[in-house]
Amino acid sequence: MAVIFSTHALHPKATAMLAGHGDLVIASALDDATLVREAENADIVIVRAPLPAALFANAPKLRAAIRHGAGLDMIPVDAATQAGVLVANVPGVNARSVAEHVIFATLALLRRFRIVDADLRAQGWLAGREHANFAGELAGRTMGIIGMGNIGRAVFSIARDGFGIDVIANSRSPKSLPEGARFATVDQLVEESDIVVLCCPLTPETTGLLSRERIGRMKPGALLVNVSRGPVVDDDALIKALRNSAIGGVALDVFSTQPLPPDHPYFSFPNVIVTPHMAGITEESMQRMGTGAASEAIRVLGGELPVNLRNPEVVEHYRQRFAG
């Protein structure tokens with residue numbers, strides 16, 4: 001029977017889908033050596049943690065690496081392609097989850113939730129309530145969204161239709177912006193926005209996109225929400241801006257180093273919300289991601305190509321390896 005190797009346990013509905021199609025094996029640890037060793041006999045790998053390139057050279061039966069989610073940065077696509085392994089993902093399945101997190105984090109910053117909660121618990125009712133005098137509302141503000149894929153479009157929809165926010169956006173394809181979103185260059189966007197939301201994928205072009213110069217162009221009270229990837233932001237510049245009270249607040253779900261060290265400066269600011277890369281994780285999205293990845297795995301085991309194939313150049317090599 002086929003071996004389906006997953007870096008993490010899957011939603012029960014996904015596990016049930018895979019029953020009868022192969023033996024599901026869950027990684028015992030996530031270090032490179034363990035992943036390479038335990039995936040050696042795998043036919044399918046389901047991915048929720050970074051895979052080492054060596055895994056693909058050491059798994060002769062491997063047919064596909066399937067991302068349990070949208071981003072492909074956890075899969076070394078070049079190594080997979082060289083080994084004749086299909087790469088697939090399940091785009092869009094957690095877009096609503098991430099978009100709702102963006103709104104939640106923005107509201108928490110505007111309503112000064114962290115400091116209200118801390119002072120209410122430590123100093124009492126009136127101390128907590130005093131911060132409400134400096135809280136803000138979403139309505140009437142301008143939100144700038146960088147990256148208008150599934151997540152960016154979901155954020156746009158909630159922000160405009162749910163809160164009446166004026167949305168400006170930046171995308172590699174300006175013509176693909178939804179109706180009602182005004183295009184802006186990245187420089188224009190950081191200058192005009194009250195809330196800057198990073199939803200772009202991590203690429204060579206987006207690495208360091210929110211640079212020291214662009215952080216310096218943000219409004220003094222502006223908020224930053226990053227649900228993209230950590231390296232999109234210049235951490236040193238952002239920390240300096242926070243120390244100088246140059247921006248209003250920050251919500252970060254992703255970081256250049258994960259897990260974030262417990263002594264990291266981000267934890268020291270009362271106007272910074274830190275979450276452990278969980279924006280796209282809810283019970284509902286875990287079911288959608290798990291069943292989506294399971295569907296792609298079943299297709300490949302049945303001799304079909306994934307619906308969301310991400311390295312089409314490997315198709316002929318794949319067919320030659322696994323024909324019949």
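Along every chain, residues carry numbers that run from 1 in the direction the sequence is written. For a predicted model such as this one, the threshold for reporting local features is a pLDDT of at least 70, and the threshold for listing and counting side-chain atom pairs is 80 or more; totals across whole chains, interfaces and linings nevertheless cover every residue. The basis for every side-chain value is the complete set of heavy atoms in the structure, and neither hydrogens nor water enter the calculation.

Here we come to the pairing of strand β9 (residues 195-198). Only protein chains enter the calculation, and the probe is 1.4 Å; a residue is then buried if its accessible area is under 20% of its type maximum, exposed if over 50%, and partly exposed in between. Comment: elements are numbered from the N terminus, with helices defined as DSSP H or I runs of at least four residues and strands as E runs of at least two. Residues Ile195 and Val197 point to one face of β9 and Val196 and Leu198 to the other, with burial holding for every one of them. Paired strands, as defined in this entry, are two strands with at least two bridges between them according to DSSP. Pairing of strand β6 (residues 142-146) with β9, which is carried by 4 bridges, proceeds in the parallel orientation. The residue bridging Ile145 from the neighbouring strand is Val197, located in β9. Note that β9 and strand β10 (residues 223-226) share 4 bridges and pair parallel. Residue pairing in the sheet places Val197 in a bridge with Val225 of β10. The definition of a right-handed crossover adopted here requires that, viewed with the strands pointing away, the path from the first strand over the helix to the second runs clockwise. As a crossover connection, the stretch from β9 through helix α10 (residues 212-217) into β10 is right-handed.

Distance thresholds for patches are 9 Å for like charges and 5 Å for nonpolar side chains (Val, Leu, Ile, Met, Phe, Trp, Tyr), applied to residues having over 30% relative accessible area and no salt bridge. Note on areas: Shrake-Rupley with a 1.4 Å probe; residue coverage comes only from the protein chains shown. Salt bridge, as applied in this entry: a Lys or Arg side-chain nitrogen positioned within 4 Å of an Asp or Glu carboxyl oxygen. Judged by side-chain polarity, Leu120, Trp125 and Leu126 come together as a nonpolar surface patch covering roughly 390 Å² of accessible area. Within the secondary structure layout, Leu126 lies in helix α7 (residues 125-130).

A few words now on the sheet that holds strand β7 (residues 166-170). Judged by pairing direction, the sheet is parallel, and its 7 strands sit side by side in the order β8-β7-β6-β9-β10-β11-β12 without closing on themselves. Of all strands in the sheet, those with a lone pairing partner are β8 (182-183) and β12 (272-274), marking the two edges. Relative to strand β11 (residues 249-252), β10 runs parallel, the two being bridged by 4 bridges. Pairing of Asn226 across the sheet is with Leu252, part of β11. Here, residues are in contact when the closest pair of their heavy atoms is within 4.5 Å. A fitted line through C-alpha atoms serves as each axis, taken over the contacting stretch for helices, and the angle formed by two N-to-C directions is quoted from 0 to 180°. Packed on one face of the sheet, helix α5 (residues 95-110) meets β6, β9, β10, β11 and β12 and runs near 150 degrees to β10.

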